[in-house]
Amino acid sequence: MPEDLNVIPPGLKGNLVHYISGGEEGSLWKEYTNVRYYTNAFVVQGQKILLGHKKRGWGQEKYNGFGGKVDAGETSLEAAKRELKEEAGIDAPLEHAGILLFLTDGVDWAFHIDIYRADSYSGEVQESEEMKPEWFSTLPEGTDGLSSIPYSKMWETDECWLPLVIANKPFVGRADFVGDKDKSKPYKWWYGVLKDEEAFDV
Ligand SMILES: COc1nc(N)nc2c1ncn2[C@H]1C[C@H](O)[C@@H](COP(=O)(O)OP(=O)(O)OP(=O)(O)O)O1
């Protein structure tokens, strides 16, 4: 059956090549009135990716990229570079890789997360108050003594889009969660690969 490329969820736009979706049949996307802007950055070097084990706050004990809120007066890219420096101690030539929209219970706003990636960095990777950085293999079987990406210790559905970051394919996606904070579970999700970066137009 051909894909219906007009099914992009509310809050996203893009020039789609293909998508994946899942969740409870017949469930609806949540309504939201506000958006809060965040960043999340990944350094990918050959078959290695740098993740951080979050030590406090939202997503504590999960592995993730490095990022946080975009402060007033900052661009998203400036915020991404600042957060990478604060949380992992490094500078990197970050490039925009994707946009994610996450909704969860208890708030009437959506997380809009600009995803960035870089193939190189400068400085020394260092643990911070917020994150403990750790290299993982991008290969499912691990490589060079590194474990594979610990998807079971990450936000659910990360497995849908992190391979796109690694493969450098532009994407947009949305996941709506139900339940309390860090214990929330996705009930509906959708991730689409875009033809080109210009298609990021949310
Ligand atoms: C499914 O939901 C999420 N999945 C993933 N992979 N990442 C998420 C999700 N929801 C939020 N995030 C990311 C976005 C940011 O990178 C962090 C949260 O940022 P944080 O709350 O730590 O923001 P800071 O500005 O660093 O906070 P402080 O005020 O504590 O410094 O998680």
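Placed above this text is the structure.
The sections below set out a description of the structure shown in this document.

What counts and what doesn't
- Residues numbered from 1 in each chain as written.
- Predicted model: local features only at pLDDT ≥ 70, side-chain atom pairs only at ≥ 80, totals over all residues.
- Heavy atoms only, no water.
- Helix = DSSP H or I, 4+ residues; strand = E, 2+ residues; numbered from the N terminus.
- Expected span 1.5 Å × (residues − 1).
- Contact = heavy atoms within 4.5 Å.
- Buried < 20%, exposed > 50% of the residue type's maximum accessible area, 1.4 Å probe, protein only.
- Arc of directions from axis to C-beta.
- Core = buried A, V, L, I, M, F, W, Y, C linked by side-chain atoms within 4.5 Å.
- Near = heavy atom within 4 Å.
- Polar contact = N/O pair within 3.5 Å; in protein donor to acceptor, adjacent residues only side chain to side chain.
- Areas by Shrake-Rupley, 256 points an atom, 1.4 Å probe, with all protein chains shown as cover.

## So, helix α1 (residues 76-88)
Part 1 of the argument: Helix length check: α1 (13 residues) gives 18 Å between terminal C-alpha atoms against 18 Å at 1.5 Å per residue, within 8%.
Part 2 of the argument: Check the buried side of α1 and you find it contacts β2 (34-45), β5 (90-91), β7 (109-118) and β9 (131-137).

## Quick look at helix α2 (residues 158-166)
Part 1 of the argument: Looking at α2, one finds that the buried residues are D158, W161, L162, L164 and V165. All buried residues of α2 lie within an arc of 155° about the axis, which places them on one face of the element.
Part 2 of the argument: Contact partners of the buried residues in α2: β2, β3 (48-54), β6 (95-103), β7, β10 (171-178) and β11 (185-194).
Part 3 of the argument: Of the residues one or two after α2, N168 is the one with positive phi, at around 60°.

## Here we look at the nonpolar core
Most often, soluble globular proteins keep nonpolar side chains buried together rather than apart.
Part 1 of the argument: Counting residues in each nonpolar core, the largest one holds 26 residues, and the members touching the most others are F102, I115 and W161.
Part 2 of the argument: Breaking this core down by element, the ones donating at least two residues are β2, β3, β6, β7, α2, β10 and β11.
Part 3 of the argument: In this structure, F102 is in contact with A110, F111, I113, T157, W161, A175, F177 and Y191, ignoring residues within four places of it in sequence.
Part 4 of the argument: Counting residues in hydrophobic clusters, the runner-up holds 14 residues, among them L50, L84, A88 and A92.

## Notes on the site of the ligand
Part 1 of the argument: In the neighbourhood of the ligand, 20 residues make up the surrounding shell, with T39, K54, N64, K69 and E130 lying closest.
Part 2 of the argument: The side chain of N64 places a nitrogen or oxygen atom 3.0 Å from a nitrogen atom of the ligand.
Part 3 of the argument: Taken by itself the ligand offers 680 Å² of open surface, and the protein chains cover 85% of this.
Part 4 of the argument: Considering each element in turn, the shell around the ligand owes the most residues, three residues, to β2.

## Describing unusual backbone geometry
Part 1 of the argument: One non-glycine residue with positive phi stands out, namely E61, at about 75°.
Part 2 of the argument: As for its placement among the helices and strands, E61 is situated in the loop between β3 and β4 (63-64).
Part 3 of the argument: Backbone geometry places T157, a non-glycine residue, at a positive phi of 85°.
Part 4 of the argument: With respect to the helices, strands and loops of the structure, T157 is situated in the loop between β9 and α2.

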